[in-house]
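A structural walkthrough
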Protein chains: 2
Amino acid sequence: MTPANASFQTLIGLLEGAATIGIVSHRRPDGDALGSCLALGASLAAIGKTVHIVNDDPVPDGLGFLPGSEAIRVAATVVAGGALPVDVLVSLDAAGADRLSETAWAAFALAEGGVRINIDHHISNTRFADYNYVDAISPATGQIIYELIEAAGWPLPEGARVALYAAISTDTGSFRYPSATGQTYRIAASLIDAGLDVGEVNRQLYESYPLRRLLLLRDLLQDLEIHADGRVVAVKLTRRMAEAAGLQAGDTEGIIDVIRSVDSVIVAILFEEMEDGKIRVSSRSKSPRADVGAICAVFGGGGHTLAAGTRMAGPIDAAATRFLHEVSQRLDGLD
Amino acid sequence: MTPANASFQTLIGLLEGAATIGIVSHRRPDGDALGSCLALGASLAAIGKTVHIVNDDPVPDGLGFLPGSEAIRVAATVVAGGALPVDVLVSLDAAGADRLSETAWAAFALAEGGVRINIDHHISNTRFADYNYVDAISPATGQIIYELIEAAGWPLPEGARVALYAAISTDTGSFRYPSATGQTYRIAASLIDAGLDVGEVNRQLYESYPLRRLLLLRDLLQDLEIHADGRVVAVKLTRRMAEAAGLQAGDTEGIIDVIRSVDSVIVAILFEEMEDGKIRVSSRSKSPRADVGAICAVFGGGGHTLAAGTRMAGPIDAAATRFLHEVSQRLDGLD
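Residues numbered from 1 in each chain as written. Chains lettered and ligands numbered in written order. Predicted model: local features only at pLDDT ≥ 70, side-chain atom pairs only at ≥ 80, totals over all residues. Heavy atoms only, no water.

Turning next to the overall build of chain A. Each helix and strand counted, chain A has 13 helices and twelve strands in total. The C-alpha atoms of chain A give 20 Å as radius of gyration, which agrees with the globular expectation for 335 residues (20 Å, within 12%). Principal-axis analysis of the C-alpha atoms gives chain A an extent of 60 × 45 × 45 Å. For chain A, with 335 residues in total, the buried portion stands at 55%. Here the analysis covers contacts within chain A between residues at least 6 apart in sequence; of these, 68% occur between residues at least 24 apart. Separation between the mean location of the 27 positive side-chain charges and that of the 41 negative ones in chain A comes to 3 Å. (Helix = DSSP H or I, 4+ residues; strand = E, 2+ residues; numbered from the N terminus. Rg over C-alpha atoms; globule rule 2.2 N^0.38 Å. Buried < 20%, exposed > 50% of the residue type's maximum accessible area, 1.4 Å probe, protein only. Contact = heavy atoms within 4.5 Å. Lys, Arg positive; Asp, Glu negative; His and termini not counted. Charge placed at Lys NZ, Arg CZ, Asp CG, Glu CD.)

Written as structure tokens, this is what we have:
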């Protein structure tokens, strides 16, 4: 039996009762992770709370425009200076405690009687905290944060509006994924009505890529792999390509959506050779019957049915062959 | 002085008073043009009207999924069989009567006392009809059609919901452009609440490109031109490339958005060599201070401040040089 969620009223009481609140999210944070942290942080700051936001990794270039992101601290740096005392520690958009390093958890010293809260939208969430709120129907953790702030009646400063829009937009592929609901669009409408500059935030999110990313796309398309009668497409990003392009964190964000856009494609895959020689695999499916979450689980990874990832041992060509074999076996069962 | 718009009540009265209604839009119809025609057509059919939708060009492959699109007739074919008698003729999303060929107008025989209605969201609309409704604030003609249908209390069949979502989404770059308002998002929310399968329609709109389009993107990026310190990017699509790729109408839709996505870019341009040797220019700007509508007007074209087009005499390299010269002159005035 799935344990029940803590109620919004319980969470609101815990947060309102705290003086100092820590907020964390998963490593390699994306728009939903950072947007959710910044929105909740800005709203809590507006009611007088002291808020510390910490992440394993620095804010990627493409999300540096999010208001308040300059105050997000890197876990290793915090730990070096001594853990931050907090009354409540909130984890956002992290499906398990292991989505953060031990260093990130060690960045906080929870007060005696202090509690940990876990708010997330991943169905695989392990409910690792004292109070858990998991809504797998919500297309983004940012949508839950909006609803929490609205239920609490806390202010939603301009920066929080931008952060929530970014969180929801990036986790729904710009409001396109099947996970987007009427409520998702209504939240965006209310943010715009409250003054959000929708053109500007979208320019920052989707029209502010470095030139090197477009040139990388060009290079990846040169060696586009088409398998299974066009139902599977894959690209491989080697260290050599990444170094030649001067690639930085976040540059590959969205690349997979470009190759997924072909009509015949059911599964799209990006293989990325990491600095440590491991191969990071990002996969997207267009059909619930081709469950990339299950495929990635075979290799120790996970995620959602239509979007999942894993890490594999290198070299990249061997990893790709193994992963593609697993994909084609599953596709054989489909018409 | 700008003449006043006809009221919705007037338009509703005219349409409800007609037995047979013709609906047209501009040649080379896009998502907003066809989506608006199909939505209004489906809604009017649901109240018992006979509706004929005609266009100069066939429905492009990528929009063939729109319910009812198979009933849209090509003007030349209609004319060959004799003009269709109608009581009211409605033009949607066409800024001027010349956005349709004379053949398209000749596809209809307007009854004695019959009227022409013009509904559009282009600020440059010439108000060419007997009754005109131009709302340049609306990000899509589809948004006006939604509001008209809602004001009339006409039914909105499932096909009309898909058509309206497609119209609005495609004309706002998936709800990203500055023109999108809270109302735009609320309309999408209401369509979803009424049963629209948002994942499916977006899959059809944005994940169903033919493979040849991805390969075309690859080829265009090979020769990406970067001008004015990265503020201007341009690609040239020659007849030879188009023929080698087996390109069809609509294949280049959205290509310009890919090259516009670079942070340094203010103006992005696609030059396309047409079968008749003319060069079709599509341009997008990220800044109202770089008004591509004004730049295209220099060459006899037009459009919006941030999205405009024109046709020029070939050859393609000479046309590109002339157009880029005009762009760089305007950019020199910006910091």
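Residue and element names in this part refer to chain A. One way to put it is that helix α1 (residues 8-17) packs onto helix α5 (residues 141-152) with a least axis distance of 10 Å and a crossing angle of 75 degrees. By the criterion of interaxial angle, the relationship of α1 to α5 is roughly perpendicular. In this structure, α1 contributes F8, Q9, L11, I12, L15 and E16 to the contact, and α5 contributes I144, E147, L148, A151 and A152. Its residues assigned to classes, the contact of α1 with α5 comprises eight nonpolar, one polar and two charged. (Axes fitted to C-alpha atoms, helices over the stretch in contact; angles between N-to-C directions. Parallel < 35°, antiparallel > 145°, perpendicular 65-115°, else oblique. Nonpolar A, V, L, I, M, F, W, Y, C, P; charged D, E, K, R; others polar.)

Bringing the domain arrangement of chain A into the picture now. All names here are of chain A. Domain annotation for chain A reports domain 1 (8-206) and domain 2 (211-332). Distance from the C-alpha centre of domain 1 to the C-alpha centre of domain 2: 27 Å. In terms of surface lost to domain 2, no three residues of domain 1 exceed R28, D61 and Y177, which account for 58% of the buried area on that side. Linking domain 1 with domain 2 are one salt bridge, by the criterion used here. The partner of R212 in a salt bridge is D61, and the shortest N-O contact between them spans 3.9 Å. Applying the counting criterion to the domain 1 and domain 2 interface returns two residue pairs in polar contact (both at pLDDT 80 or more). Across the side of domain 1 that touches domain 2, the residue classes break down as three nonpolar, two polar and two charged. (Domains from an automatic or database assignment. Buried area = accessible area lost by both parts, 1.4 Å probe. Salt bridge = Lys/Arg side-chain N within 4 Å of Asp/Glu carboxyl O. Polar contact = N/O pair within 3.5 Å; in protein donor to acceptor, adjacent residues only side chain to side chain.)

Another aspect to go through is the relation of the copies chain A and chain B. Two chain copies, one operation linking them: a rotation about an axis together with a shift along it. Superposing chain A onto chain B takes a rotation of 180 degrees plus a shift of 0.0 Å along the axis, which leaves an RMSD of 0.1 Å. Classification of the inter-copy transformation places it as that of a two-fold axis. Most of the interface of chain A is mirrored in chain B, where 100% of its interface residues are also at the interface. (Least-squares fit on C-alpha atoms with pLDDT ≥ 70 in both.)

Per the counting criterion, the structure on display carries 17 aromatic pairs over all chains. Judged by centre distance (5.2 Å) and plane angle (75 degrees), the ring pair of A:Y185 and B:F175 falls under edge-to-face. Highlighted residues: A:Y185 in helix α7 (residues 182-193) and B:F175 in the loop between α6 (158-171) and α7 (182-193), drawn from two different chains. We classify B:F175 as buried; its relative accessible area is 0%. Pairwise contacts between aromatic rings join A:Y165, A:F175, A:Y185, B:Y165, B:F175 and B:Y185 into one cluster. Above the face of the B:W105 ring, B:R116 is positioned so that its terminal group lies 4.6 Å from the ring centre. (Phe/Tyr/Trp six-rings, centres within 6.5 Å; stacked < 30°, edge-to-face > 60°. Lys NZ or Arg CZ within 6 Å of the ring centre and 35° of its normal.)

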